[in-house]
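Topology and contacts: notes
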Amino acid sequence: MWSLDWRLEDVFPGFSYKSTGGLRLGGSTYLFSLGRSNRLDATKDGPEFIVVAETSTEDNGTARIRAYASVEEETLRRVAVEKDEVYTVPSRGHEVRSRRVKKVGALELSSVPLPSPAPEDVTKALLQAIRSLGGVDRALLQTLPGKKRVEIERLRNRVRLAGCSIFVQICVLF
């Protein structure tokens, strides 16, 4: 383990870990700020936050932390950036919400719900959700029951066919 200067996060952006509190086989489990969990062996009461410099993955997929530095939460809070986020909740029909988040890189230190976002922020969040679902067609079609989806697909095919017919007629005229 090394002593830590907070600039280590600048050298290894996104490599901050937060302890999940879970212990397995004599080690502490840490959640990587990008979503993956890793294990720090032989440390039952590891520090709450660490910055990782080296990891390895075993053949069985277990990720292990090889080199790290512990960091106090207060140190992270001093360099954290606070920003407001507007996002959708897919499990709630893409309900749009907002929150104030304090982060260091991708590591979230705290989050506080905010009142309903402004209409233009709702529009941006919904457009981003539609894009992430594959566009308007896929986003809307996914919400329809099977019978309606089939009807719409048939109508779309008829429109495409009509469009091709018109194009052929125009080409013949010229």
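Our structure is the block above this text.
This text gives an overview of the structure that appears in the document. (Residues numbered from 1 in each chain as written. Predicted model: local features only at pLDDT ≥ 70, side-chain atom pairs only at ≥ 80, totals over all residues. Heavy atoms only, no water.)

Moving on, we get to the overall build of the chain. What the chain contains, in helices and strands, is 5 helices and 8 strands. Listed by position from the N terminus, the elements making up the chain come as α-β-β-β-β-β-α-β-β-β-α-α-α. Taken across its 174 residues, the chain has 25% of its residues classed as buried. Here the contacts in the chain between residues at least 6 apart in sequence split such that 34% fall between residues at least 24 apart. Surface exposure of the chain reaches about 11,900 Å², of which carbon and sulfur atoms provide 56%. (Helix = DSSP H or I, 4+ residues; strand = E, 2+ residues; numbered from the N terminus. Buried < 20%, exposed > 50% of the residue type's maximum accessible area, 1.4 Å probe, protein only. Contact = heavy atoms within 4.5 Å. Areas by Shrake-Rupley, 256 points an atom, 1.4 Å probe, with all protein chains shown as cover.)

Inspection of the entire model under this criterion finds 9 salt bridges. A salt bridge links Glu58 to Arg64, with the shortest nitrogen-to-oxygen separation between them at 2.4 Å. Here Glu58 falls in the partly exposed class, since its relative accessible area comes to 30%. A salt bridge links Arg97 to Glu95; the nearest nitrogen and oxygen atoms lie 2.7 Å apart. On the basis of relative accessibility, which here comes to 30%, the residue Arg97 falls in the partly exposed class. Residue class for Glu95 comes out partly exposed when judged on its relative accessible area of 30%. Each of Glu85, Arg99, Lys103 and Glu108 takes part in salt bridges that share partners, so that together they form one network. (Salt bridge = Lys/Arg side-chain N within 4 Å of Asp/Glu carboxyl O.)

Summarising the sheet, strand E7 (residues 95-104) and strand E8 (residues 107-113) pair through 6 bridges and their orientation is antiparallel. Across the sheet, the residue bridging to Arg99 is Pro113, located in E8. (Pairing = 2+ DSSP bridges.)

Strand order across the open sheet formed by 3 strands is E6-E7-E8, with antiparallel pairing between neighbours. Each of the sheet's edge strands pairs with one partner strand only, and the pair in question is strand E6 (81-89) and E8. Neighbouring strand axes in the sheet, compared pairwise and without regard to direction, differ in orientation by 35 degrees on average. Where helix H3 (residues 119-132) meets the sheet, it contacts E6 and E7, and its direction lies at approximately 60 degrees from that of E6. (Axes fitted to C-alpha atoms, helices over the stretch in contact; angles between N-to-C directions.)

Within the largest apolar cluster, 8 residues are counted, these being Phe49, Val51, Val71, Leu76, Ala80, Val104, Leu107 and Leu109. At the level of secondary structure, the elements contributing two or more residues to this core comprise strand E4 (49-57) and E8. With 6 residues, the next largest nonpolar core counts Tyr30, Leu40, Ile50 and Ile65 among its residues. (Core = buried A, V, L, I, M, F, W, Y, C linked by side-chain atoms within 4.5 Å.)

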